[in-house]
Amino acid sequence: MKIDDLPFMPEFFDRYINLVDRNVTLIDELKKSIDVFDEVIPQLKEKVDFRYQEGKWSVKELLQHCIDTERVLAYRALVFSREGNVDLAGMDENIYAQNAIVGTRSIDDLINEFKVIRQSSIYLFENLSKEQLVQIGTCFAKEMTPLAIGFVIIGHPTHHLNTLREKYF
C-alpha cells in the first residue's frame, strides 16, 4: 500500500509521512530504509557524543531515540491492527532519552539494533491485512492507522538524518 491509500493524513505525524516518496509501497520502503543511517555514520564516528547545542541529543542519543520510537510505533500499529479503536498513551521522548544508557554503547551496536528493530517492523507490516492496515486507533488524542504509522516509521529517521546532516557536520 502507498501513502495515497491512507484514509486520512494524521495531524502532527504528517511531517514525517511527507518525507516519504508518495510512489513507494510501505513494505518496499521499510526494506530499503533499513540502511538509512549507513551513509552518515562513518563520518560521525568521531562525534558520537557531540551535541550541536546544550540540551540537544548526542549522535548516540539520537540513534537510541530512533530505536525507541520505532519500537513504540510498531507497538501502536500492532494494537490498532488487533484491537481497533483504542486510545494509547503518548511517549515523552525526553524522558526516554534521559533514561537510556548509551554512554557505554558503540555506534555500531546502536546501528545494528536499529536494523534489527526495522526488520521486526517489516515482519509486522508484511503480515497485516489491508483491513488491519486501515483500522483507526488514537494516540496523543490524534487518530491514525497502522498504515500511517508504517510511513511514520520510515519518515521519522529521515527527519533525524536531515538533522544530522544540518547540525552535526
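The structure presented is a predicted model; accordingly, all values stated were derived computationally and were not measured.

### Side note on unusual backbone geometry
Step number 1: The phi dihedral of Phe 12 is positive, around 75°, even though this residue is not glycine.
Step number 2: Take Phe 12: it is sitting in the segment before α1 (14–17).
Step number 3: Judged by relative accessible area, which is 36%, Phe 12 ranks as partly exposed.
Step number 4: Look at Phe 140: it is not a glycine, yet its phi comes out positive at around 55°.
Step number 5: Structurally, Phe 140 can be placed in the loop between β2 (137–139) and β3 (142–144).

### With respect to the side chain of Glu 29
Step number 1: Counting through the fold element by element, Glu 29 comes out in helix α2 (residues 26–32).
Step number 2: If we skip the residues at most four places from it in the chain, Glu 29 touches Val 20, Val 24 and Ile 154.

### What about the packing of aromatic side chains?
Step number 1: Scanning all chains against the criterion turns up six aromatic pairs.
Step number 2: Measuring from centroid to centroid gives 6.1 Å for Phe 13 and Phe 140, while their planes differ by 20°, and the two rings are stacked. One end of the pair, Phe 13, is in the segment before α1; the other, Phe 140, is in the loop between β2 and β3, and 127 residues separate them in sequence.
Step number 3: Its relative accessible area of 37% is what places Phe 140 among the partly exposed residues.
Step number 4: Within the aromatic cluster, the residues linked to one another by ring pairs are Phe 12, Phe 13, Tyr 16 and Phe 140.
Step number 5: The cationic tip of Lys 47 hangs over the ring face of Phe 50; the distance from NZ or CZ to the ring centre is 5.3 Å.

### A look at the sheet that holds strand β1 (residues 87–88)
Step number 1: Spatially, three strands are ordered β1-β2-β3 in an open sheet, and the strand pairing comes out mixed. Sheet topology places β1 and β3 at the edges, where each strand pairs with a single neighbour.
Step number 2: The sheet contact formed by β1 and β2 spans two bridges and is parallel. Note on β2: the bridge partner recorded for Asp 87 is Thr 138.

### Points about the side chain of Lys 60
Step number 1: Positionally, Lys 60 belongs in helix α4 (residues 59–83).
Step number 2: A polar contact is formed between the side chain of Lys 60 and the backbone oxygen of Arg 105, at a distance of 2.9 Å.
Step number 3: Ignoring any residue separated from it by four or fewer positions in sequence, one finds Lys 60 in contact with Val 48, Asp 49, Val 102, Gly 103, Arg 105, Ile 107 and Leu 110.

### Some thoughts on the nonpolar core
Step number 1: Formed by 29 residues in total, the largest nonpolar core has its most connected members in Leu 26, Phe 125, Ile 149 and Phe 151.
Step number 2: Broken down by secondary-structure element, the contributors of at least two residues to this core are α1, α2, α4, α6 (107–126) and α8 (146–167).
Step number 3: Here the element with the most residues in this core is α8; it accounts for seven residues.
Step number 4: What Leu 26 contacts, discounting residues up to four positions off in sequence, is Met 1, Phe 125, Leu 133, Leu 147, Gly 150, Phe 151 and Ile 154.
Step number 5: By size, the runner-up hydrophobic cluster in this structure holds 19 residues, among which are Val 36, Leu 110, Ile 111 and Leu 164.

What counts and what doesn't
Residues numbered from 1 in each chain as written. Predicted model: local features only at pLDDT ≥ 70, side-chain atom pairs only at ≥ 80, totals over all residues. Heavy atoms only, no water. Helix = DSSP H or I, 4+ residues; strand = E, 2+ residues; numbered from the N terminus. Buried < 20%, exposed > 50% of the residue type's maximum accessible area, 1.4 Å probe, protein only. Contact = heavy atoms within 4.5 Å. Phe/Tyr/Trp six-rings, centres within 6.5 Å; stacked < 30°, edge-to-face > 60°. Lys NZ or Arg CZ within 6 Å of the ring centre and 35° of its normal. Pairing = 2+ DSSP bridges. Polar contact = N/O pair within 3.5 Å; in protein donor to acceptor, adjacent residues only side chain to side chain. Core = buried A, V, L, I, M, F, W, Y, C linked by side-chain atoms within 4.5 Å.

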